[in-house]
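Take a look at the letters that make up each chain.
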Amino acid sequence: MQFNKSFFFTNICLVFVIGKAFCQDEKIKQAPHRVIQFAIGKTYLQPKQMDGNPPRPLSSGQRINAEHPFALIAGKNSFMEIHQKNLFHSAIIRIGRSTALEMSSHDSLSLYQGSALLSHRQDLTWKINSTNSQFSVRGNGTWMTEKTAIGFKFIILEGNLDIIGGKKITEVEAGNLILINDKQGNISQKLKIELPLLLGTS
């Protein structure tokens, strides 16, 4: 019985090409699709590669195709909302006035100054960090975080969420204000606030 080497080689190559295409397709499906829903005032993107050019201005309807990590900046009296989704989940990210943050991955951000609001209906885990603190958020809902001089403020507006900091998991509910004030992300204080009053004055 003769062994057809060319036939064997062709089939191996075909399997390799199909497998590579499948992996690339799965990578595309998992990669987040980000669109600027609206951008008001002076809003910018600074890509990973610092090529000497100034930050790129952003506008409503624009798609973000930058590789991680990249920075998003909202100037004074400026803000923007980004809709992020892939095959498995979606989220809304609203960046407040005078805010600078870095998107390290689709579920991780570094907040250098300012505040951000996030909303998602699927159970997700977000990693939040700054130069002096860090914590994680797990669950679904709408929440805000703001960088402080020694850590973060965290407010949940609605949903079911856990704060993971240090070696502790803390369940939070709507109206909880959490203060995180150390490098390990331990919660220093948990307060109950009146959401209608907060939203009416924000």
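Shown above is the structure to which this text applies.
Quick notes on the rules
- Here the residue index of a chain counts from 1 through its sequence in written order.
- Predicted model: local features are reported for residues with pLDDT of at least 70 only, side-chain atom pairs are reported and counted for 80 or more only, and whole-chain, interface and lining totals are derived from all residues.
- Only hydrogens and water are removed before side-chain values are computed, so all heavy atoms of the structure are retained for them.
- Working definition: rings of Phe, Tyr and Trp (its six-membered ring) pair if their centres are within 6.5 Å, and the pair is stacked with planes under 30 degrees apart, edge-to-face with planes over 60 apart, and tilted otherwise.
- The helix and strand labels rest on DSSP assignments: H or I over at least four residues marks a helix, E over at least two residues marks a strand, and numbering proceeds from the N terminus.
- Exposure is judged per residue with a 1.4 Å probe applied to protein chains only, and the accessible area is read against the type maximum: over 50% gives exposed, under 20% gives buried, and values in between give partly exposed.
- Pairing of N or O atoms within 3.5 Å defines a polar contact, subject to two protein rules: one partner must be a possible hydrogen donor and the other a possible acceptor, and residues neighboring in sequence count only if both atoms are side-chain atoms.
- Whether two residues are in contact is decided by their heavy atoms, any of which lying within 4.5 Å being enough.

Peer 1: Help me out: how do you make sense of the packing of aromatic side chains in this one?
Peer 2: Applying the stated criterion across every chain, the model contains 4 aromatic pairs. Ring geometry for F38 versus F79: centroids 6.0 Å apart, planes at 85°, classification edge-to-face. Placement of the pair is F38 in strand β1 (residues 33-40) and F79 in strand β6 (residues 79-85), with a sequence separation of 41 residues.

Peer 1: Any chance you could explain the side chain of T99 here in plain terms?
Peer 2: Of note, T99 is situated in strand β8 (residues 99-105). A relative accessible area of 1% means that T99 is categorised as buried. A polar contact of 3.0 Å, which involves the side chain of T99, links it to the backbone oxygen of G96. In this structure T99 touches L72, I73, A74, L111, Q113, G114 and S115, once residues within four positions along its chain are discounted.

Peer 1: It is not clear to me how the environment of F38 should be interpreted in this structure. Could you clarify?
Peer 2: Looking at F38, the relative accessible area reads 21%, which means it is partly exposed. Each C-alpha atom, one on F38 and one on H83, is 9.6 Å from the other, the two residues being 45 residues apart in sequence. In contact with F38, not counting residues within four places along its chain, are S60, F79, M80, E81 and R94.

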